[in-house]
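# Inside the fold
Given next are the chains, with one letter for each unit.
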Amino acid sequence: MTVLSSTEKLKAVLVHSEILSNAEECEDLSELRLLALSADLQICDVMICRRNLPNPRFFIGSGKIEELKALVAAVSADIVILNNHLTPAQERNIAKEAGCRVIDRTALILEIFAQRARTYEGKLQVELAQLKYKSTRLVRGWTHLERQKGGFGLRGGPGEKQLELDRRELNERIFVIKKELERVKVQRESGRKSRQKREIPVLSLVGYTNAGKSTLFNRLTSSDVYAADQLFATLDPTLRKLSLPAGGTVIFADTVGFIRHLPHDLVAAFRATLQETRDAALLLHVVDACDDRMKDNIEQVRLVLEEIGAGEVPTLTVYNKIDLNDSLEPHVEYDDSGRPAAVWVSASTGAGIDLLLEIVTELIRKNIVELQLLLPLSAGRIRAELYRQHAVIAETFTEQGENLLSVRMPEADFNQLDKRNDNALSRYLVRNK
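Residues numbered from 1 in each chain as written. Predicted model: local features only at pLDDT ≥ 70, side-chain atom pairs only at ≥ 80, totals over all residues. Heavy atoms only, no water.

## Considering the sheet that holds strand β1 (residues 11–19)
- The strand order across the open sheet built from four strands is β2-β1-β3-β4, with neighbouring strands paired in parallel fashion. Edge positions in the sheet fall to β2 (42–51) and β4 (101–104), since each of these pairs with one other strand and no more. Sheet twist, expressed as the average angle between the axes of neighbouring strands with direction ignored, equals 20 degrees.
- Summarising the sheet, strand β3 (residues 79–82) and β4 pair through four bridges and their orientation is parallel. Bridge pairing in β4 places Ile79 opposite Arg101.
- Across the face of the sheet, helix α4 (residues 105–116) comes into contact with β3 and β4 while running at roughly 90 degrees to β4. (Pairing = 2+ DSSP bridges. Helix = DSSP H or I, 4+ residues; strand = E, 2+ residues; numbered from the N terminus. Axes fitted to C-alpha atoms, helices over the stretch in contact; angles between N-to-C directions. Contact = heavy atoms within 4.5 Å.)

See the structure below:
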């Protein structure tokens, strides 16, 4: 169901309609432009409409329909995109008058998701959301829908109309996808339970789309996840393990960005993917510090987090892109109780990243222990493992050649390492600080 697939950029006319009686629900025109550019469309023109109430037939007024017809003809547009939610009838009526394809904001977002999904699970989730959207738009508006499938004997009579066949095939495909997603979900749950069993904290990056989550993820984990200055640059969740400078191991999870009025089917489709967000030990809410709509974007993310059941997860706000404003410097903000509440950084330049890692360590280190171990020469493998986990903060040697290590690490990591080595670390323990 890819409407926008083409070897060349499609020419698009954007239609932004402001409903004066419900101004709070109006979408943002600049965001529609970004969505269209993210879909690799060529924006030829923009038409702005203002109405007290939507027109039941066209959503926009009949006069604006005539203006749209002339505009489409003048620029030879391939597609018209309305920055609103259209009923199937409104979509068909506008397309008939304009003489080209017409989609609404929801369909545009679905198309972008379809273009960007890379993993098997992500592609299934997007296809499911698209099919649910398409199911509301199966109509008797085309010639092939009038064809009938006849037969003999018990299959005699008019048979099934093509519309009924289309609907049945669509529902069968939805059923297959749901079953396959359940299978994939079991596999994902297995990996999640393994991480929980090992007690490795998961830190999930969330935020409004294009806030710089993937850039920050790459900076923190030295990864090469695709990142671009566009909406929904990445969709599929990516997990990377990181050893913190002060000791201990965490897993960072990069997730899909949020947006105003994200289609409900997409929220539902990615609910399993966002399980990492609900189960995270800490959310890093990445915010574009230079966006004029910053406060509104923060509220939109909060609403989506509530919708997916992650509203109560501890959160650290990360104000990103401070390099775009000369008056902003890396710093930490604290709440009334003295807990770190926000960190100001630039994922692009790396400014403030060390500060962010210090605060992350501080927030999760309530289970971190500091102790000393006296290791014999035969315990070289244990010593190497402690260094691999960045747990050693100091090392000296005794006259007998033994290693006296000062260690800082999460208690869970120490217990796991101790258990894997038949409680040898407990025997080598000198004292707790």
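## Some points on unusual backbone geometry
- Backbone geometry places Asp40, a non-glycine residue, at a positive phi of 65 degrees.
- Position of Asp40 among the secondary structure elements: in the loop between α1 (29–38) and β2.
- Phi at Phe59 is positive, roughly 70 degrees, even though this residue is not glycine.
- Examined against the element boundaries, Phe59 turns out to sit in the loop between β2 and α2 (62–75).
- On the accessibility criterion, Phe59 (8% relative accessible area) is buried. (Buried < 20%, exposed > 50% of the residue type's maximum accessible area, 1.4 Å probe, protein only.)

## Describing the pattern of salt bridges
- Throughout the structure, instances matching the rule amount to 16 salt bridges.
- The closest approach of N and O atoms between Lys9 and Asp40, which form a salt bridge, is 3.6 Å. Of the two residues, Lys9 sits in the segment before β1 while Asp40 sits in the loop between α1 and β2, which places them 31 residues apart along the sequence.
- Glu370 serves as the salt-bridge partner of Arg408, at 2.9 Å between the closest nitrogen and oxygen. Remark: Glu370 occurs in strand β14 (residues 368–375) and Arg408 occurs in strand β16 (residues 403–410); sequence separation between them is 38 residues.
- The partly exposed category is assigned to Glu370, whose relative accessible area is 27%.
- Here the residues in one salt-bridge network are Glu31, Arg105, Asp291 and Arg293, joined through shared partners. (Salt bridge = Lys/Arg side-chain N within 4 Å of Asp/Glu carboxyl O.)

## Observations concerning the pairing of β1
- Most of β1 is tucked away, with seven of its nine residues classed as buried.
- Relative to β2, β1 is paired through nine bridges, and the arrangement is parallel. Bridge pairing links His16 to Ile48 in β2.
- Both β1 and β3 contribute to a ladder of four bridges, which runs parallel. Across the sheet, residue Leu14 finds its bridge partner in β3, namely Ile81.

## Concerning the pairing of β3
- Side-chain alternation along β3 places Ile79 and Ile81 on one buried face and Val80 and Leu82 on a second face that is also buried.
- Following the chain from β3 across helix α3 (residues 88–98) to the adjacent parallel β4, one finds a crossover that is right-handed. (Right-handed = clockwise from strand over helix to strand, strands pointing away.)

## Some words on the environment of Phe252
- Secondary-structure assignment places Phe252 in strand β9 (residues 249–254).
- Separated by 47 residues in sequence, Phe252 and Leu205 place their C-alpha atoms 7.3 Å apart.
- The contact partners of Phe252, leaving out residues within four places of it in the chain, are Leu203, Leu205, Phe217, Leu220, Thr221, Thr238, Leu239, Arg240, Leu242 and Leu284.

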